[in-house]
Amino acid sequence: NPTIYLKDYQKPEFLIPEVMLDFALNQASTLVVATMQVKRSSGSGTPLVLHGEKMQLVSLAINGKTLSDAEYQIDAESLTILNVPDAFELEVQTELLPHLNTELSGLYQSSGNFCTQCEAEGFRRITYFLDRPDVLSVYRVRLTADVVDCPVLLSNGNPVASGRNDDNTHWAEWFDPHPKPSYLFALVAGNLEHVTDHFTTASGNKVELNIYAQQHNIEKCDHAMASLKKSMRWDEDVYGREYDLDIYNIVAVDDFNMGAMENKGLNVFNSKYVLANQDTATDLDYEGIESVIAHEYFHNWSGNRVTCRDWFQLSLKEGFTVFRDQEFSADMGSRAVKRIRDVQSLRAFQFKEDAGPMAHPVRPDSYQEINNFYTSTIYQKGAEVIRMMRELVGVEGFRRGTDLYFDRFDGQAVTTEDFVTSIEQANDIDLAQFRLWYTQSGTPSIRVQQSYTDQTLTLTIQQSCPATPGQDRKRPFQMPLCIALLLPSGEKVLQQTLVLTEDEQSFEFSGLPEQPVVSMLRGFSAPVKLEYNQSDDELLTLVSFDDDGFVRWEAMQRLCLKLLLPAVENGSINEAAYSRVRDAFLKLLTEPCHDKAMLAEMLSLPTASYLAELSEAIEPRQISLIRQQCVQRLAKDLESPFHTVYAQQGQNTDFSLDAESMASRSLKNRTLMYLVATGQPAYYALASHQYHAANTMTDRLSAFTALVHSSYPDRQALIDHFYQQWKDDPLVMDKWFAMQAIAPRDNLLPDIEQLMSNPTFSINNPNKVRSLIGAFTSNLLAFHQQDGAGYKFLVDCVIQLNTINPQVAARLISTINNWRRYAQPYQSLMCTQLERLANENGLASDVTEIVSKALK
Ligand code: B3K
Ligand code: ZN
């Protein structure tokens, strides 16, 4: 596949201001008539080249006159019409086979219902078109389908008319007045129920809100609806953005490549991010739904009203929208816990990506397959870059900047540069150096040294950024570094945002009669790795007193890393380091607790993936075994305080979803995990009792997981019981698969293979692939077998998925594209399997790009 470069961007030669789409939807074959008003915008006499693939052209007409074969050329990816006037009506008829579409891009079927996914380049599988985000059109859509199979007919915008035909079909027409790129087009047709509600905007417009799902799931849509209303209010309050159509529809489908899609007025969602009740969804699921509902809603302004000029600008909408949804969630729940989870996820996925062969800037310079660039760098690092700008200009200055951005670019397709310029101009600052965050890849490191003499603290800070593919040398970044100084007594004596701009800088703080403890990188104010050797006592002061929740948690993590990292390296636990962690845990468990959600986070050892990230040469099995050993020792040594805290939470916490109940469940289940890790039959019984008596899926799944991950003798019976109970609920089955796939035990591969033939598993369903195969690849012990069987299994799955769903295949194989970071024999064994994959015939471009970059 050819590489596409940002530097080659050219404005479109033609525009399509209006399009009418007429769909005759049919199980066997769907006919599409697209009528477009085409206008030349530059050049003269050049042919019209439209994108199109994986469909059958039926006919082509210009201004009502059918074109002969000689008047156009067609290949696998495009349609070229040689002689066209400067303004004309083009009619394109195409035939599609949605029931055979397993790639889930374009028009496809999920549970028998029709739906579409057009971002990034799926619209070109529906009709021949200028399928690029800088071509904006006003859409009118007419849908015709069988009245029994498809009572519901939806598209973007507002409904305008509908009716019955004589032949058991019916039709509906939709009109979207807002010009949009083709990637935001959507239709849904099928047999669906819906819940309905309404929202009145700040200007007094009443908006109808609907959530569509299959009939048996309709009871599970309330939380999504409540989340939607909260999101709409929040975007008015915080960004001054109102909704702009009469109706907002959300549809839940079971087969979906990603989380959800922000199609104008018609969001299509992976059912995982819509459906919930207390029997089937965990507290984490509820939070996930709230944030994804918000994310897609926020796209209505950051993405739809103001869209991207080209796909290199993807972070313009994704980074900004992730930042918006992160802040929304922080406002709805615990800000500190939200920040901790977001940092954990950034470290687990984005830092890993930035240190591997797919490392790319937030605004990439090139790509082969755009679907491979819906990455953690575009989304999560992109959000961090927005967050840093807000830190540099302040909350009010940031709002001035976003107001300017939305007002100036409404209805346009723009660039990340346009966003930065808006922030600059609204604040009269210069972000020239800051822009390096958009163009340089790699995770910077900050090295801090401190000295204290004559009542003066000096911090010397060096920054550096490792070489990444295509970028050997980096210039220093501008970044905000939020710090505070605490006296050993815990009193905060100063709080400040330092701005780093140089390779090395010093900062002096005088008039300090006592040596202070530095609270560094507060709120994780920049997406960097921090090298800063603070003593155990300093870390413990931060754990006890810092008013920044992130720093408190981070200090505890760093105390644990002092135990875990050397232990992984040496294969044995240092007793002094262990005692300090144990004592810190004991203190946390026995002190009065003001914030249970935070306490649950503080009682978690650094994740295995973070330990891997911090390793020179990754020893996956060693990491898993050492971490487990530490969990078990803490569990045994602190059994009684863990049990006290567990018991204080009550067996059945309040059923409700308020912050207090969720925090209590979180703390209870954290302590339960430790209790079960003691291996004592009494705690197996306790967990088993919790499993059976639970009134929430949170409590049930926590008990289930603790037992399945332990040496509980009745594990298999428990697994079977869960299965019998929930086998008809695909989202619960996803959890059942995932919890087994991540069990820290050897010889798991035969179980995984057997689970693949379970009747509820389907390799065609992306959720199932992620929850079984994807989860298994994150299992440091079982996946990384020393004979390479885990890797061989992965590549076998990827080869199978390559023909079914290349996007999912590419994502799956990228989990080992950082193979060079592993110790032997893992490194060579992964390489062998990647080479085997590379030699396979007929690899999709998605997979080819990942594998060839991995082996380069
Ligand atoms: N914009 C979509 C992503 C679609 C990805 C297609 N490969 C979801 C989101 O970020 O909101
Ligand atoms: Zn998004």
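Residue positions are counted from 1 within each chain, in the order its sequence is given. The naming scheme follows written order: chains are lettered A onward, ligands numbered 1 onward. Selection of residues for local features in this predicted model requires a pLDDT of at least 70, selection of side-chain atom pairs for listing and counting requires 80 or more, and totals for whole chains, interfaces and linings are taken over all residues.

Student: So, the overall build of the chain: which residues are in play, and what are the values?
Tutor: Numbering of helices and strands runs from the N terminus; a helix is a DSSP stretch of H or I covering at least four residues, while a strand is a stretch of E covering at least two. For the chain, the count of helices and strands is 25 helices and 31 strands. Based on C-alpha atoms, the radius of gyration is set beside the globule rule, defined as 2.2 Å times the residue count to the power 0.38. For the chain, the C-alpha radius of gyration of 28 Å lies close to 29 Å, the compact-globule estimate for 856 residues. Its C-alpha atoms give the chain principal-axis dimensions of about 85 × 65 × 60 Å. Residues are scored as being in contact if the C-beta atoms we place from backbone atoms lie within 7 Å. Taking contacts inside the chain between residues at least 6 apart in sequence as the whole, the part at least 24 apart equals 69%.

Student: Tell me what's going on with the environment of Thr 144, and back it up with residues and numbers.
Tutor: You can see Thr 144 is positioned in strand β12 (residues 137–146). Given 23 C-beta atoms within 10 Å, Thr 144 falls into the buried group. In this scheme every C-beta is placed from the backbone, and a residue whose C-beta has 20 or more other C-beta atoms within 10 Å is buried, one with 12 or fewer is exposed, and one in between is partly exposed.

Student: Tell me about the site of ligand 1, and name the residues and values.
Tutor: Every residue close to ligand 1 is listed here: Glu 119, Ala 120, Met 258, Ala 260, Met 261, Glu 262, His 295, Glu 296, His 299, Glu 318, Asn 371 and Tyr 374. Counting only elements with at least two residues in the shell around ligand 1, the list comes to β20 (260–261) and α2 (283–298). Classes in brief: Ala, Val, Leu, Ile, Met, Phe, Trp, Tyr, Cys and Pro nonpolar; Asp, Glu, Lys and Arg charged; the others, Gly included, polar. The residue inventory of the shell around ligand 1, partitioned by class, reads five nonpolar, three polar and four charged. For each residue, a C-beta atom is placed from the backbone, and the residue is labelled near a molecule or strand when this atom is within 6 Å of it.

Student: Give me the nonpolar core: which residues, what numbers.
Tutor: Membership of the largest hydrophobic core comes to 243 residues, with the highest contact counts inside it found for Val 188, Val 251 and Val 274. Sorting elements by how many residues they give to this core places helix α9 (residues 549–570) first, with 11 residues. The contact partners of Val 274, leaving out residues within four places of it in the chain, are Ile 211, Ala 213, Cys 221, Ala 224, Ile 250, Ala 252, Phe 269 and Ile 289. By convention in this section, buried Ala, Val, Leu, Ile, Met, Phe, Trp, Tyr and Cys residues joined through C-beta atoms within 7 Å make up a nonpolar core.

Student: Explain the sheet that holds strand β29 (residues 504–509) to me, using residue names and the numbers behind them.
Tutor: Overall, mixed pairing links the four strands, which are arranged β29-β26-β25-β31 in an open sheet. Edge positions in the sheet fall to β29 and β31 (529–531), since each of these pairs with one other strand and no more. Strand-to-strand twist of the sheet, defined as the mean angle between neighbouring strand axes without regard to direction, takes the value 20°. As paired elements, strand β25 (residues 445–453) and β31 share three bridges and run parallel to each other. Residue pairing across strands places Ser 445 opposite Lys 529, the latter belonging to β31. Being paired, for any two strands, means DSSP has found at least two bridges between them. Note on geometry: axes are C-alpha line fits, over the in-contact stretch for helices, and angles between N-to-C directions span 0 to 180 degrees.

Student: Pulling in residues and values, what's your account of the packing of helix α18 (residues 715–726) against helix α19 (residues 730–741)?
Tutor: At a minimum axis separation of 10 Å, α18 and α19 run at an interaxial angle of 165°. Here α18 is positioned roughly antiparallel relative to α19, judged by the angle of their axes. For the pair α18 and α19, the sense of crossing is left-handed. Residues Ile 719, Phe 722, Tyr 723 and Trp 726 of α18 form the contact with α19, whose participating residues are Val 732, Met 733, Trp 736 and Gln 740. Angles are sorted into four bins: roughly parallel if under 35 degrees, roughly antiparallel if over 145, roughly perpendicular if 65 to 115, and oblique for all others. It is the rotation of the near helix from the far one that decides the hand of a crossing: anticlockwise by less than a right angle makes it left-handed, clockwise makes it right-handed.

Student: Give me the lowdown on the UniProt feature "domain: Peptidase M1 alanyl aminopeptidase Ig-like fold" (unreviewed entry) in the chain, citing residues and values where you can.
Tutor: Within the UniProt annotation, "domain: Peptidase M1 alanyl aminopeptidase Ig-like fold" (unreviewed entry) is assigned to residues 442–533. This span, residues 442–533, is 0% helix and 51% strand, and a straight line between its end C-alpha atoms measures 23 Å. UniProt positions are given in the numbering used here, feature names are shortened, and annotations may be inferred rather than shown by experiment.

Student: Can you break down helix α16 (residues 681–693) residue by residue, with the values?
Tutor: Taking 1.5 Å of rise per residue, 13 residues should cover 18 Å, and α16 covers 18 Å from first to last C-alpha, within 8% of that figure. Among all positions of α16, only Tyr 683, Tyr 684, Leu 686, Ala 687, Ser 688, Gln 690 and Tyr 691 are buried. Of the surrounding elements, those touching the buried residues of α16 are α15 (659–677) and α17 (697–708). Expected span, for any helix, means 1.5 Å times one less than how many residues it has.

Student: Give me the lowdown on unusual backbone geometry, citing residues and values where you can.
Tutor: Following Glu 119, the chain continues to Ala 120 via a peptide bond in cis, the omega torsion being 0°. Assignment of secondary structure puts Ala 120 in the loop between β11 (113–117) and β12. The linkage connecting Gln 824 with the following residue, Pro 825, adopts the cis geometry, with an omega of 5°. Within the fold, Pro 825 resides in the loop between α23 (806–813) and α24 (826–838).

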